[in-house]
Amino acid sequence: MPSFGKRLKRLRRLKFIKQETVASIAGVNQATVSRWESGSITPSPATIAALWKVLAQAPVHDAALLRLVKHSTLPTHLITDIDHRLLAASPLRQKIWGIAETDLLHTSLWPYATEDIAQAELQLETHGWWEQDAPEPVVVNVRTAQTTGLHIQRSTMVWERVWLANGLPARLCTTIQSNA
């Protein structure tokens, strides 16, 4: 995932954790964590996964938000902004994907990201996504793709920042126009 350093810094600050604590968790020194956050170096995928497991623990039950997503008449899904874990998906989104929400719940959707989605993710930094608490919604144009196990339909999507009850940022992804 792009912007690892920005995500780490935001999450660390949200949880009032010092770089030294992150360094201790990862088995590195504070200077290394500082370089991760600045983007000058990136840790291994295994280290990233271990850090997210400790720092971005499964969110508490946000019943109202999850209910809104699950009952949306639009293709909508909710993911954690830190590591793209699926929290909820509307019935129409599940139909388009060709897979039930229960098969993906609490797993990262990043492995299914198409080139369009990956490029849009890289552009989030230019929109101030990682620095602002309430960044402007981002419009994403996605082409049709069949990733391993998940169908993505050509569409225009809006990504919006929402906050979970445990203080973690999440992303509401809503298709506003299907171009199929």
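Just above, that's the structure.
Residues numbered from 1 in each chain as written. Predicted model: local features only at pLDDT ≥ 70, side-chain atom pairs only at ≥ 80, totals over all residues. Heavy atoms only, no water.

Attention now moves to the pairing of strand β2 (residues 86–89). In terms of strand pairing, strand β1 (residues 76–80) meets β2 through 3 bridges, oriented antiparallel. Of the residues in β2, the one forming a bridge with Leu 78 is Ala 88. The turn joining β1 and β2, which pair antiparallel and follow one another in sequence, is formed by 5 residues; a positive phi near 65 degrees is taken by His 84. (Pairing = 2+ DSSP bridges. Helix = DSSP H or I, 4+ residues; strand = E, 2+ residues; numbered from the N terminus.)

For the structure on display, the rule yields 11 salt bridges. Ionic pairing is found between Asp 81 and Arg 161, a salt bridge with its closest N-O pair at 2.9 Å. Of this pair, Asp 81 sits in the loop between β1 and β2 while Arg 161 is found in strand β6 (residues 155–163), placing the two residues 80 residues apart along the sequence. Neither Asp 81 nor Arg 161 differs from the other in exposure class; each is buried. Asp 83 is paired through a salt bridge with Arg 85; the nearest N and O atoms lie 2.8 Å apart. Accessibility expressed as a relative area gives 8% for Asp 83, which makes it buried. (Salt bridge = Lys/Arg side-chain N within 4 Å of Asp/Glu carboxyl O. Buried < 20%, exposed > 50% of the residue type's maximum accessible area, 1.4 Å probe, protein only.)

In contact at an axis separation of 10 Å, helix α2 (residues 19–26) and helix α4 (residues 45–55) are set at 120 degrees when each is read in the N-to-C sense. With respect to each other, α2 and α4 are oriented oblique. The handedness of the crossing between α2 and α4 comes out as right-handed. In this structure, α2 uses Val 22, Ile 25 and Ala 26 to contact α4, whose residues at the interface are Thr 47, Leu 51, Val 54 and Leu 55. Grouping the amino acids of the contact of α2 with α4 by side-chain chemistry returns 6 nonpolar, 1 polar and no charged. (Axes fitted to C-alpha atoms, helices over the stretch in contact; angles between N-to-C directions. Parallel < 35°, antiparallel > 145°, perpendicular 65-115°, else oblique. Left-handed = near helix turned anticlockwise from the far one by under 90°. Contact = heavy atoms within 4.5 Å. Nonpolar A, V, L, I, M, F, W, Y, C, P; charged D, E, K, R; others polar.)

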